[in-house]
Amino acid sequence: QVQLVESGGGLVQAGGSLRLSCAASASIFSFNSMAWYRQPPGKQRDFVAGITSGSSTNYADSVKGRFTISRDNAKNTVYLQMNSLKPEDTAVYYCYAHTYTTDYWGRGTQVTVSS
């Protein structure tokens, strides 16, 4: 069973920064892509940022210019650098990966941004 484990969440003030990590138990070359999703309180889970094994990236409009997704193949880890955080970024953040046939989800890490 492939596992994805998120870390790096916490409480920060508006304008601050956090870096989330997603460590995979398999080579990240096994996956077509990896991504971050988030679920604010009382709302649905939504896409934040994605990256392919070829390093192609895309972002939700709400985080463009503030968040950066990256990967470290040697560590089997994907990162989400979050800068200029806003209270509306408060959510549980989930790591996601997929192959042609299978989806994988992490258990989530809480990010809270205070005003």
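The rules behind these values
- Going along each chain's sequence as written, the residues are numbered from 1 onward.
- Two thresholds apply to this predicted model, a pLDDT of at least 70 for residue-level local features and 80 or more for giving and counting side-chain atom pairs, whereas whole-chain, interface and lining totals are computed over all residues.
- Excluding hydrogens and water, the side-chain figures rest on all heavy atoms present in the structure.
- Throughout this description, buried means an accessible area under 20% of the type-specific maximum (1.4 Å probe, protein chains only), exposed means over 50%, and partly exposed covers the range between.
- Helical segments are the DSSP runs of H or I of at least four residues, strand segments are the runs of E of at least two, and each set is numbered from the N terminus.
- At least two DSSP bridges between two strands are needed for those strands to be called paired.
- Only Phe, Tyr and Trp rings are paired, with Trp represented by its six-membered ring, and only when their centres lie within 6.5 Å; those with planes under 30 degrees apart are stacked, over 60 edge-to-face, the remainder tilted.
- A ring is considered to have a charge above it if a Lys NZ or an Arg CZ atom is located within 6 Å of its centre and within 35 degrees of its normal.

Novice: What should I look at first to understand the pairing of strand 1 (residues 4-7) in this one?
Specialist: Only one face of strand 1 is buried: it carries Leu4 and Glu6, and the other face, with Val5 and Ser7, is open. One ladder, built from 4 bridges, connects strand 1 with strand 3 (residues 18-24); its direction is antiparallel. Paired with Ser7 across the two strands is Ser21, which belongs to strand 3.

Novice: Got a minute to help me understand the packing of aromatic side chains in this structure?
Specialist: For any pair of aromatic rings, the description consists of the separation of the ring centres together with the inter-plane angle of the planes. Summed over the entire model, instances satisfying the criterion amount to 5 aromatic pairs. For the ring pair Tyr37 and Tyr96, a centre distance of 5.7 Å and an interplane angle of 75° mean the geometry is edge-to-face. Of this pair, Tyr37 sits in strand 4 (residues 33-39) while Tyr96 sits in strand 9 (residues 91-98), and the two are 59 residues apart along the sequence. Judged by centre distance (4.7 Å) and plane angle (50°), the rings of Tyr96 and Trp105 are tilted. Relative accessible area serves as the criterion here: at 13%, Tyr96 is assigned to the buried category. Here the aromatic residues Tyr37, Phe47, Tyr96 and Trp105 are joined through ring pairs into a cluster of three or more. When the ring centre of Tyr94 is taken as origin, the NZ or CZ atom of Arg45, which lies over that ring, is 3.6 Å away. A cation over an aromatic ring shows up here: Arg45 above the ring of Trp105, its NZ or CZ 4.7 Å from the ring centre.

Novice: Teacher, can you tell me more about the pairing of strand 11 (residues 109-114) here?
Specialist: Looking along a regular strand, one sees side chains alternate from face to face of the sheet. On strand 11, burial follows the alternation: Thr109, Val111 and Val113 on one face are buried, whereas Gln110, Thr112 and Ser114 on the facing-out side are not. The sheet contact formed by strand 2 (residues 10-13) and strand 11 spans 4 bridges and is parallel. Looking across to strand 11, one finds that Gly10 is bridged to Val111. Inspection of the sheet shows strand 9 paired to strand 11 by 3 bridges, in the antiparallel sense. By the bridge assignment for strand 11, Val92 is matched with Gln110.

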